[in-house]
Amino acid sequence: MKALIEKKPPVLGTNGFPLQDAAVYGPIHSRRYGCSLGINPLPITYKFCDFDCVYCQYGWTPRLGNDAKRTNEKLKSLAVLMSEIETSFQKMKAENAPVDAITIAGNGEPTLYPSFLEFVTELLRLRDHYYPKVRVGILSDSSQCHRPEIKKALGLLDERCMKLDGGDSQTVRGINKPAGNFDLEKTIKALSKLSDVTIQSLFVWGSLDNTQPEQIGRWAEAIHRVKPASVQVYTIDRPPADSGVKAVSLERLREIAAFCQKTTGIKTEVFD
Ligand code: SF4
């Protein structure tokens, strides 16, 4: 009898929620996107992000260098990463697994992958070969979109879902805890230069709160400046990094969405 090869259990974030354990994960079923295949260009043993959002489903971000034991997994070379992705695509095609969308996301901020432009170019090549009709999108924290090569890569994709959880630095510093050199003003300007972008904004209350009327007013002003194609507002549905933050009621989310749509004229939906 052949010995069974045991797959290692996924690594858990500090909140006990599992990290993605491969370069391709899912498909994840959602009402909006159907069967969406996730692409993770980042490590599988720790979160690799320049934000440390209080609501992150992967727990707190380990600080590179300060937590050397946990963060010793190196980022994959482009060749290794693309080979893993292609092997998964081949396997899924052979199994006739349905795929309605491909989403670049993974264990942190995907645009931090060093050869991000080349990675997107190669991923689109694989998409054209294996899933020619499937749209490729990204979930990004927006922190790198001011960099020309990241802007170019984002522009190659079919969809861009970009994070903006507040319109003033104090709120963003509290909720997202970005790494030192993050500049909200620069980010808002860079977002406004992306075409056909969807802004995703997550709201919480409790130990940190981004739902106060003044904060919502500043956030809506920022949305007005970015002029996205649409806005999606939502709240947590998984264990957050900070157990003191709470989900916002559906009623309050609807009020926030209605305020944004009324003051900016931009389609704003509650996303659940
Ligand atoms: S940007 Fe995303 S991955 Fe990074 S800390 Fe925030 S929620 Fe987590």
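Let me sum up the structure you'll find in this document. Here the structure is a predicted model, which means the values were calculated and not measured.

### Quick word on the sheet that holds strand β2 (residues 34-39)
- Within the open sheet, the eight strands sit side by side as β1-β2-β3-β4-β5-β6-β8-β10. Their pairing is mixed. Among the strands making up the open sheet, the edge pair consists of β1 (24-30) and β10 (268-270). When the angles between neighbouring strand axes are averaged without regard to direction, this sheet yields 25°.
- Bridge analysis of β1 against β2 gives five bridges, and the strand direction is antiparallel. Bridging across to β2, S30 finds its partner in G34.
- On the sheet, helix α1 (residues 78-94) packs against β1, β2 and β3 (101-104) and is oriented at approximately 155° with respect to β2.

### What about the pattern of salt bridges?
- The final tally for this structure, using the stated rule, is 10 salt bridges.
- D158 serves as the salt-bridge partner of R127, at 2.9 Å between the closest nitrogen and oxygen. Within this pair, whereas R127 is found in helix α2 (residues 116-130), its partner D158 is found in the loop between α3 (148-156) and β5 (159-163), the two being separated by 31 residues in sequence.
- Residue R127 is classed as buried on the basis of its relative accessible area of 11%.
- Linking R135 and E159 is a salt bridge whose minimum nitrogen-to-oxygen distance equals 2.9 Å.

### Structural notes on helix α6 (residues 213-226)
- Taking 1.5 Å as the rise per residue, α6 with 14 residues should run 20 Å; its terminal C-alpha atoms sit 20 Å apart, in good agreement.
- The secondary structure elements touched by the buried residues of α6 are α4 (169-176), α5 (184-192), β6 (197-202), β8 (230-234) and α7 (250-264).
- Positive backbone phi, at 50°, marks K227, one or two positions downstream of α6.

### Notes on the packing of α2 against α3
- Between α2 and α3, whose axes approach to 8 Å, the crossing angle comes to 15°. Here α2 is positioned roughly parallel relative to α3, judged by the angle of their axes. Seen from above, α2 lies across α3 with left-handed handedness. Residue-level contacts link F116, L117, V120, T121 and L124 of α2 to E149, I150, K152, A153 and L156 of α3.
- Classifying every residue of the contact of α2 with α3 by side-chain character gives seven nonpolar, one polar and two charged.

### Let's talk about the site of the ligand
- All residues in the neighbourhood of the ligand are listed as K47, C49, F51, D52, C53, Y55, C56, G108, D141 and K163.
- Class assignment for the residues of the shell around the ligand results in five nonpolar, one polar and four charged.

### Brief notes about unusual backbone geometry
- Of note, the bond from G26 into P27 is cis; its omega dihedral lies within 30 degrees of zero at 5°.
- The residue P27 is located in strand β1 in this model.

### Here's the deal with the side chain of D168
- Mapping D168 onto the fold places it in the loop between β5 and α4.
- In this structure D168 is buried but unpaired, with R218 as the nearest side chain of opposite charge at 5.4 Å.
- At 2.9 Å, the side chain of D168 and the side chain of T171 are in polar contact.
- When residues no more than four places from it in sequence are discounted, the contact partners of D168 are L184, Q215 and R218.

### Let's talk about α5
- Within the sequence span of α5, burial applies to L184, T187, I188, A190 and L191. Along the axis of α5, the buried positions cluster into a sector of 165°, meaning they face one direction only.
- Tucked into the core, α5 has its buried residues touching β5, α4, β6 and α6.
- Two or three places before E185, at the start of α5, stands the capping residue D183, its side-chain oxygen 3.1 Å from that residue's backbone nitrogen.

### A closer look at the environment of S195
- With respect to the helices and strands, S195 occurs in the loop between α5 and β6.
- Overall, S195 belongs to the exposed group, its relative accessible area being 53%.
- Each C-alpha atom of the pair S195 and P228 lies 7.7 Å from the other, and the pair is 33 residues apart in sequence.

Calculation rules
Residues numbered from 1 in each chain as written. Predicted model: local features only at pLDDT ≥ 70, side-chain atom pairs only at ≥ 80, totals over all residues. Heavy atoms only, no water. Pairing = 2+ DSSP bridges. Helix = DSSP H or I, 4+ residues; strand = E, 2+ residues; numbered from the N terminus. Axes fitted to C-alpha atoms, helices over the stretch in contact; angles between N-to-C directions. Contact = heavy atoms within 4.5 Å. Salt bridge = Lys/Arg side-chain N within 4 Å of Asp/Glu carboxyl O. Buried < 20%, exposed > 50% of the residue type's maximum accessible area, 1.4 Å probe, protein only. Expected span 1.5 Å × (residues − 1). Parallel < 35°, antiparallel > 145°, perpendicular 65-115°, else oblique. Left-handed = near helix turned anticlockwise from the far one by under 90°. Nonpolar A, V, L, I, M, F, W, Y, C, P; charged D, E, K, R; others polar. Near = heavy atom within 4 Å. Lys, Arg positive; Asp, Glu negative; His and termini not counted. Polar contact = N/O pair within 3.5 Å; in protein donor to acceptor, adjacent residues only side chain to side chain. Arc of directions from axis to C-beta.

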